[in-house]
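One-letter residues, chain by chain:
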Amino acid sequence: MTEAIQRVLGDRWTYLRIVYLLLAFPLGTTYFVLLITGLSVGVGLSIIGVGLVILALTVVGWLFVARFERELAIHLLGASVRPFSLPGEALRPWPRLLKTLGEPTTWKALAYLLLEFPFGIITFTLTIVLLSISLAFIAAPFAYLAQVLFGPSQIQVGPGFTLFPNNPPFGGEFLLAVAIGALGVVLGVGSMALLSGIGWAWGRFAEQMLGVDPSRLQLAAAEAEAASQRRRAERADHSRRELIVNASHELRTPIASISAHVESLQKPEREMDAESHQYLGVIETETKRLSSLVDDLLVLARADADELRLTVGSVNVAEVVAGITTAMAPLARQERNLSLVHTSDPEVPLALADPARLGQVIANLIRNAVNHTPDGGIITVTTQADPDSVIVSVADTGIGIEPHDLPRIFDRFYRADQSRARDSGGSGLGLAIVRELLTAMGGSITAESTVGSGSTFRIRLRKAP
Ligand code: ADP
């Protein structure tokens, strides 16, 4: 019993909740009057525009009050209410208001504020009645004593109880007064426990009505986590690209220096035994390979960083292709006895491209064709007009590409036949670069192949306006 009394009286939440129950009446009444007036006047006058302003002010007011009530529920009722709104992107006032109106918490908060009016009336009355009866009962023995000591007449203690202290003091009436006092204590403690319970229950209700849904909170937390991971990944990606760009730049100088020194050593006036000459030849080949690998990496890193500086304009594609094929035909014949021919539609419209980069793309495709076509084969480069584009095909009569390799040949570092490709000096970056360059020009590339018969690479460029 005493333990229960101690628990009720010793808990600060009991007092804070009773304070809230008393406050709920004036607060609830104020909210009710202001909200109902604001909403009805706002809706009534909405036709003439002023109403919309009143409505907007009412909404802003109710959101403010809802936040205030959330604080009261936390600090006076001991409720653990989730945040009122999710942290969101910064919006302008009007869109933010519209977005807020779409939130379920906004409307739950309105219901809460309106319900606080009847709740406040009931709890205020209950609190006042219960506490005043209890206090009056508790006061009974003191009043009796005061009467005995200071006054001759009868005294009224609590509603309906009249004591007659003119009888001998500390007799039956005193005992009755003490019993009433004790009853008052029990009633007081019981009332406080009851009121605290009501406050607690209202606090739980506030948790439901004034905080965002836990699922939405979890979703928002997951989204925030995903966004931060995305930012981290972007930062990591950025620094990786920077590293490749910087490393490639730095590597160019020593490579150029090695090339220059090899060149000096190879000068005919220098005397050198055959073996050393052969070693120098290997160094020269490998240095060239390293240099082109570094150049390729640089192009790809720039493409990733959207820093490929292309000069895209209207280009006569047939002319560019003819220039490259003419330059490479002797090489093809010399290396593999291959015929490199160029055919073009008579009227090919201008296409959107960077002429130098387009030349690089065509040369790369021809070089691949030369590398993968056995002696005596034919490489045909064709320029054709299409309704909206210009198409350049590079077809060979080479070894072809296995169907399972075909979808991957544009991947970085992918080589269909690892051992042979390495011999050909390829790094597997050529087609990846070709695709990046064409994409940057607004074009595209596809490949078809039949093992044993040959491959065809088809470039599509946008027609110039
Ligand atoms: P690489 O530097 O190895 O030539 P590419 O990216 O240019 O790299 O080509 C990727 C792979 O595609 C090559 O290793 C090769 O196996 C295959 N390939 C490319 N062009 C042809 C072709 N014309 N005929 C057969 N295979 C080809």
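So, how was this worked out
- Residues numbered from 1 in each chain as written.
- Predicted model: local features only at pLDDT ≥ 70, side-chain atom pairs only at ≥ 80, totals over all residues.
- Heavy atoms only, no water.
- Salt bridge = Lys/Arg side-chain N within 4 Å of Asp/Glu carboxyl O.
- Helix = DSSP H or I, 4+ residues; strand = E, 2+ residues; numbered from the N terminus.
- Buried < 20%, exposed > 50% of the residue type's maximum accessible area, 1.4 Å probe, protein only.
- Core = buried A, V, L, I, M, F, W, Y, C linked by side-chain atoms within 4.5 Å.
- Domains from an automatic or database assignment.
- Contact = heavy atoms within 4.5 Å.
- Pairing = 2+ DSSP bridges.
- Polar contact = N/O pair within 3.5 Å; in protein donor to acceptor, adjacent residues only side chain to side chain.
- Near = heavy atom within 4 Å.
- Areas by Shrake-Rupley, 256 points an atom, 1.4 Å probe, with all protein chains shown as cover.
- Nonpolar A, V, L, I, M, F, W, Y, C, P; charged D, E, K, R; others polar.
- pLDDT = per-residue confidence, 0-100.
- Patch = residues over 30% accessible without salt bridge, like charges linked within 9 Å, V, L, I, M, F, W, Y side chains within 5 Å.

**Looking at the pattern of salt bridges**
- If you walk through the whole model with that rule in mind, you get 13 salt bridges.
- Notably, a salt bridge pairs arginine 204 with glutamate 207, separated by 3.0 Å at the nearest N-O pair. One end of the pair, arginine 204, and the other, glutamate 207, are both in helix α6 (residues 172-210), 3 residues apart, so they sit about a helical turn from each other.
- For arginine 204, a relative accessible area of 24% translates into the label partly exposed.
- Residues joined in a network through salt bridges with shared partners are Asp237, Arg240 and Arg241.

**Notes on the nonpolar core**
- Core analysis: the biggest nonpolar cluster contains 45 residues, and Ile366, Ile459 and Leu461 have the highest contact counts within it.
- When contributions to this core are tallied by element, the ones reaching two or more residues are α8 (274-304), α9 (317-336), β5 (351-353), α10 (355-371), β6 (378-385), β7 (389-396), α12 (430-440) and β9 (454-462).
- A per-element tally of this core places α10 first, with 7 residues.
- Summarising the domain contributions, this core has at least three residues from each of domain 2 (228-304) and domain 3 (313-462).
- Those residues in contact with leucine 461, other than ones at most four positions away along the chain, are Val317, Ala351, Leu352, Ala353, Leu358, Asp388, Ser389, Val390, Leu438, Met441 and Gly443.

**Examining the pairing of β9**
- In this structure, β7 lies alongside β9, joined through 7 bridges in antiparallel fashion. Each residue of the ladder has a partner; that of serine 393, found in β9, is arginine 458.
- The sheet contact formed by strand β8 (residues 444-450) and β9 spans 7 bridges and is antiparallel. Bridging from a neighbouring strand, threonine 450 pairs with glycine 454 of β9.
- Hairpin connection between β8 and β9: a loop of 3 residues separates the two successive antiparallel strands, and glycine 452 in this loop has a positive phi of roughly 90°.

**Brief notes about the side chain of threonine 123**
- Residue position: threonine 123 is located in helix α5 (residues 104-150).
- Its relative accessible area of 2% is what places threonine 123 among the buried residues.
- Within the local environment of threonine 123, its side chain forms a polar contact with the backbone oxygen of glycine 120, the two atoms lying 3.3 Å apart.
- Residue contacts for threonine 123: discarding those within four places in its chain leaves Leu21, Ala24 and Ile198.

**Observations regarding the site of the ligand**
- Taken together, 20 residues sit near the ligand, with Asn368, Asp396, Ala416, Gly428 and Leu431 positioned nearest.
- One of the backbone N or O atoms of alanine 416 is found 3.1 Å from an oxygen atom in the ligand.
- Across the complex, the protein chains shield 96% of the 530 Å² of accessible surface that the ligand would expose by itself.
- Within the residue set of the shell around the ligand, elements represented by two or more residues are α10, α12 and β9.
- Of the residues belonging to the shell around the ligand, the class tally is 9 nonpolar, 8 polar and 3 charged.

**Thoughts on the confidence of the model for the chain**
- Taken residue by residue, the chain gives an average pLDDT of 88. The fraction at 70 or more is 92%.
- The lowest-confidence element of the chain is helix α11 (residues 418-423), averaging 51 in pLDDT; the highest-confidence one is β9, averaging 97.

**Concerning a nonpolar patch on the surface**
- Taken together, Val41, Leu45, Ile47, Ile48 and Val50 make up a surface patch of nonpolar side chains, about 480 Å² in accessible area.
- In this structure, leucine 45 sits in helix α2 (residues 12-45).
- For leucine 45, a relative accessible area of 35% translates into the label partly exposed.

**A short note on the domain arrangement of the chain**
- With domains assigned, the chain is organised as domain 1 (2-212), domain 2 (228-304) and domain 3 (313-462).
- Taking only C-alpha atoms, the centre of domain 1 and the centre of domain 2 are 79 Å apart.

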